[in-house]
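# Coordinates in review
Here are the chains, one letter per residue:
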Amino acid sequence: MSKTDSKLGSESTELSVGLRVLQIALPLEFDGESANNTASAVAEHNRDRASGAATPTGAKSTRRGKWYSLYDKVYALANLQQAWLKVRSNKGAPGSDGVTIKRFEQDLETGLESLHNELCEKRYRPRPVRRKLIPKAGGGMRQLGIPCVRDRIVQQALLQILGPIFESKFSEHSHGFRPGKGCATALQVVDAAVFGSECKYVVDADICSFFDMVDHEMLLAAVNEEIADGSVLKLIAAFLKSGILLYGIEEIEANDLGTPQGGPISPLLANIYLHPLDKAMAEAGFGMVRYADDFVILTSTREQAEDALALARETLAGLKLQLHPEKTHVAAVDDGFAFLGYHYFLHRGRNGNYLQKIVCPKSIKRFRNSIRERTPRHAGQRKPKAKRLTVERLSHNKRVQKMIRQLNEYIRGWHWYFKSVRTTWDKYFVGFDEFIRRRLRSAITGRLAIGVWHQRLTIAALKELGLLSVVDLQEQYERHQLHAPPGSG
């Protein structure tokens, strides 16, 4: 920690103790136990003002009434400092004001004090988010809204207070952006149902433009079911209506629909908005698995799947949402369905039929594009002499070493996510390795990596240069010799 961080941490601790505003340690990430502890501590602080008793640690649905007087917990310097540490660890691009993480950190103490004062005096106004369009693997563009660093800090501070409160009511069907849950737990549930032969049919669902169609009034009403602090509700509304800066030129005023993807608070708001869907499915006894706006419903018969689909349509209509007519359907597991980057289907072969779980076509396309981005060939790149393509020379080539480092970082994360494929992985992952090596050879030589280039830049040579292999990583994983890469959760 820097001297600035240390000094600020000391001052914020003294302030929080002196004002008796925050008497709990706010973790950078909430696990189940710390989430309940935080919620219980806030309830204890408000017990004389709340309309019901505090929630016991680890309990659900025992508290009646709403949460009061939370706003001062949001703008407490200790909470803002913890939020800053989280935002810094997530890195991220600058927002519409152009201020980077590094630049904000140069005058950190002043920046956090300014946010604290603006929030305390209710002068704080979020700036418009910066729109960034990223291509979807299946075509089209996805819109991201990147808030400014200062606004990300406030959103994270808000999340650290509200997250544990709503966590106590969320359904086990919801896996997206929750403590102790994620893509891995969602896929584990699906695997258990599909490969355990309990599930024969699925509702493969897709919500039309979910993040563009969230109704602000309905969302704030859903938050208000738990939160009675008007200042907190106004702060959330300010983020929803902060507007969008398009291409750095035109500011678009936000309407009453949509919530930008890209801010720390967005996943929580999505889970709050879709909680009625989780609740309806649970009460009807359907096995749904939801990750943000992506979900599947697992059933044993087609009739059950059709009933579940009808209930999902009805519930989402009540939320002013609708399912995509072309991307939503009932499917037999044997015929195949996709979920969270994987493709489940029945493989019919000479040696028998068996269920497989492999990387879906969209994810493969995304993989190939990501590898291409990390292995560019330069225009006018000179044809190298074959005798220069030695491990000794290339190991001192800064450009080559940078490419390999970037490739390895991506390969580690990609493999860790797709390590749970269910197929003959020793043969399946070979094709991914071949594509990586082919792209790296082309980037080094500026030519198609065939003939003499292939002979010089052998598999062994590239491995000696440090290039990772997906097959090797999977072998290490199967032998329990591989650990999760940093940032993979």
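To start, this report covers the structure provided alongside it. Predicted model, so just to flag it, every value in this text is computed and none were measured. (Residues numbered from 1 in each chain as written. Predicted model: local features only at pLDDT ≥ 70, side-chain atom pairs only at ≥ 80, totals over all residues. Heavy atoms only, no water.)

### Digging into the sheet that holds strand 9 (residues 337-339)
Taken together, the 3 strands give an open sheet; going across it, the order is 9-10-11, and neighbouring strands pair in antiparallel fashion. Looking along the sheet, the strands with just one partner apiece sit at the ends: strand 9 and strand 11 (352-359). The average undirected angle you get between the axes of adjacent strands in this sheet is 30°. The pairing of strand 9 with strand 10 (residues 342-349) spans 3 bridges and is antiparallel. Its bridge partner lying in strand 10, phenylalanine 339 is registered against tyrosine 342. (Pairing = 2+ DSSP bridges. Helix = DSSP H or I, 4+ residues; strand = E, 2+ residues; numbered from the N terminus. Axes fitted to C-alpha atoms, helices over the stretch in contact; angles between N-to-C directions.)

### Section: the pairing of strand 10
Residues in a regular strand point their side chains to alternate faces of the sheet. Connecting strand 9 to the antiparallel partner strand 10 that follows it, the hairpin turn spans 2 residues, and leucine 340 within it adopts a positive phi of roughly 50°. In terms of strand pairing, strand 10 meets strand 11 through 8 bridges, oriented antiparallel. The partner of glycine 349 across the bridge, within strand 11, is glycine 352. The turn linking strand 10 back onto strand 11 is made up of 2 residues.

### Focus: the environment of tyrosine 428
Looking at the element boundaries, tyrosine 428 is found in helix 17 (residues 425-428). As for tyrosine 428 and valine 359, which are separated by 69 residues in sequence, their C-alpha atoms are 9.8 Å apart. Apart from residues no more than four positions distant in its own chain, tyrosine 428 is found in contact with Ile358, Val359, Ile364, Val421 and Thr423. A polar contact of 3.1 Å, which involves the side chain of tyrosine 428, links it to the backbone nitrogen of valine 359. (Contact = heavy atoms within 4.5 Å. Polar contact = N/O pair within 3.5 Å; in protein donor to acceptor, adjacent residues only side chain to side chain.)

### Side note on the pattern of salt bridges
Once the charged atoms of two side chains with opposite charge are near each other, the side chains can pair. Taken as a whole, this structure holds 12 salt bridges when the rule is applied. With a closest N to O distance of 3.6 Å, arginine 150 and aspartate 151 form a salt bridge. (Salt bridge = Lys/Arg side-chain N within 4 Å of Asp/Glu carboxyl O.)

### Section: the side chain of serine 469
Here serine 469 lies in the loop between helix 20 (459-464) and helix 21 (470-478). A polar side-chain atom of serine 469 sits 2.7 Å from a polar atom in the side chain of aspartate 433.

### A closer look at a positive patch on the surface
On the surface, Arg142, Lys327, Lys362 and Arg366 cluster together to form a positively charged patch. Within the fold, lysine 327 resides in the loop between helix 13 (302-318) and strand 8 (329-332). (Patch = residues over 30% accessible without salt bridge, like charges linked within 9 Å, V, L, I, M, F, W, Y side chains within 5 Å. Areas by Shrake-Rupley, 256 points an atom, 1.4 Å probe, with all protein chains shown as cover. Lys, Arg positive; Asp, Glu negative; His and termini not counted. Charge placed at Lys NZ, Arg CZ, Asp CG, Glu CD.)

### Re the packing of aromatic side chains
Taken as a whole, this structure holds 23 aromatic pairs when the rule is applied. With a centroid separation of 4.6 Å and an interplanar angle of 45°, the aromatic rings of phenylalanine 367 and tryptophan 414 are classed as tilted. Here phenylalanine 367, found in helix 14 (residues 361-374), pairs with tryptophan 414, found in helix 16 (residues 398-418); they are 47 residues apart in sequence, far enough to count as distant. Comparing phenylalanine 367 with tryptophan 414 shows no difference in burial state: the two are buried. (Phe/Tyr/Trp six-rings, centres within 6.5 Å; stacked < 30°, edge-to-face > 60°. Buried < 20%, exposed > 50% of the residue type's maximum accessible area, 1.4 Å probe, protein only.)

### What to know about the packing of helix 4 (residues 77-90) against helix 6 (residues 108-120)
Here helix 4 crosses helix 6 at 130°, and the two axes come no closer than 10 Å. In terms of their interaxial angle, helix 4 and helix 6 are classed as oblique. Relative to helix 6, helix 4 is oriented so that their crossing is right-handed. Across the interface between the two elements, Leu77, Leu80, Gln81 and Trp84 of helix 4 pack against Leu108, Leu112, Glu113, Leu115, His116 and Leu119 of helix 6. A breakdown of the residues in the contact of helix 4 with helix 6 according to their chemical character gives 7 nonpolar, 2 polar and 1 charged. (Parallel < 35°, antiparallel > 145°, perpendicular 65-115°, else oblique. Left-handed = near helix turned anticlockwise from the far one by under 90°. Nonpolar A, V, L, I, M, F, W, Y, C, P; charged D, E, K, R; others polar.)

### Considering helix 8 (residues 183-195)
Since there are 3.6 residues in each turn of an α-helix, residues three or four apart along the chain are aligned in direction. The end-to-end C-alpha distance of helix 8 is 17 Å, a good match for the 18 Å that 13 residues give at a rise of 1.5 Å each. Within helix 8, the full set of buried residues consists of Cys183, Thr185, Ala186, Leu187, Val190, Asp191, Ala193 and Val194. If you follow the buried residues of helix 8, they end up packed against strand 6 (287-291), strand 7 (294-299), strand 9, strand 10, strand 11 and helix 16. With its phi angle positive at about 65°, serine 197 sits one or two positions after the end of helix 8. (Expected span 1.5 Å × (residues − 1).)

### Some details on unusual backbone geometry
Positive phi values are uncommon outside glycine, yet alanine 292 reaches one of about 55°. In the Ramachandran plot, histidine 480 falls in the positive-phi region, its phi being about 60° despite a non-glycine side chain. Overall, histidine 480 belongs to the exposed group, its relative accessible area being 71%.

### Here's the deal with the sheet that holds strand 8
What the 4 strands build is an open sheet, ordered 6-7-3-8; its pairing is antiparallel. The open sheet is flanked by strand 6 and strand 8, the only strands paired with a single partner. In this sheet, neighbouring strand axes are inclined to one another by 20° on average, regardless of whether the strands run parallel or antiparallel. Sheet topology note: the strand 3 (residues 201-206)/strand 7 ladder contains 6 bridges and is antiparallel. Within strand 7, the position partnered with aspartate 204 by the bridge is valine 296.

### What to know about the environment of leucine 70
Among the structural elements, leucine 70 can be located in the loop between helix 2 (32-45) and helix 3 (71-75). According to the relative accessible area criterion, leucine 70 is buried, its value standing at 0%.

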